[in-house]
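# Remarks on the overall topology
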Amino acid sequence: MEMVVDIAVDFEDYFPSMVRRLGAEGFIMELCNGFRLLMDVERGLITFESLKKNSVVLGLNDMGDDEIVCMLSEGDLDGDGALNQLEFCILMFRLSPGLMDDNGSKQWVEEL
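Just so it is clear, the model here is predicted, and its values are computed rather than measured.

### A look at the overall build of the protein chain
The helix and strand tally for the protein chain stands at six helices and zero strands. Secondary structure elements in the protein chain, listed N-terminal to C-terminal, are α-α-α-α-α-α. Looking at the protein chain as a whole, 31% of its 112 residues are labelled buried. Long-range pairs, those at least 24 residues apart, make up 46% of the contacts in the protein chain with a sequence separation of at least 6.

Laid out in structure tokens, this is it:
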């Protein structure tokens with residue numbers, strides 16, 4: 001007997017509404033606050049260890065090590081195994097469908 005599991009994940013992208021409410025500059029400041037929440041204070045980077053430790057704050061305490069590595073590698077543009085603030089902000093922008101559509105991108109460019 002074959003069992004089919006249908007897992008539907010509802011994802012609501014709040015970033016566009018945050019941009020409308022805070023403006024582009026205010027939204028970038030909030031992204032930077034998120035970066036600081038997750039970073040290793042001594043290195044100034046989001047590392048595997050800092051993301052694993054601080055993911056509990058976000059309610060993601062059941063994340064496996066492989067998921068953490070995948071999250072880091074998704075945004076690691078310079079290949080150092082960690083995320084600097086720019087890499088983090090770029091990753092967050094890329095992961096938001098609402099910010100990546102034509103209207104969202106144009107609004108950002110106009111505001112910045």
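### What about the pattern of salt bridges?
One pass over the structure, following the stated rule, counts two salt bridges. Across the pair D65 and K52 runs a salt bridge whose closest N-O atoms are separated by 2.4 Å. Of the two residues, D65 is situated in helix α3 (residues 65-75) and K52 in helix α2 (residues 48-54); the sequence distance between them amounts to 13 residues. Accessibility expressed as a relative area gives 37% for D65, which makes it partly exposed. In this structure, the salt-bridge partner of R94 is E74, at a minimum N-O distance of 2.9 Å. Separated by 20 residues along the polypeptide, R94 in helix α4 (residues 85-94) and E74 in helix α3 bring together distant segments of the chain. The class for R94 is partly exposed, based on a relative accessible area of 39%.

Thresholds applied
- By convention here, each chain's residues receive numbers from 1 onward along its written sequence.
- The predicted nature of this model means local features are confined to residues of pLDDT at least 70 and side-chain atom pairs, given and counted, to a pLDDT of 80 or more, with totals for whole chains, interfaces and linings taken over all residues.
- Remark: hydrogens and water are excluded; side-chain values derive from all non-hydrogen atoms of the structure.
- Put simply, DSSP H or I for four residues or longer makes a helix, DSSP E for two residues or longer makes a strand, and each gets a number counted from the N terminus.
- Between buried and exposed lies partly exposed: a residue is buried under 20% and exposed over 50% of the maximum accessible area for its type, with that area taken using a 1.4 Å probe on protein chains only.
- Contact criterion: two residues are considered in contact whenever any of their non-hydrogen atoms come within 4.5 Å of each other.
- Salt bridge criterion: a side-chain nitrogen from Lys or Arg within 4 Å of a carboxyl oxygen from Asp or Glu.

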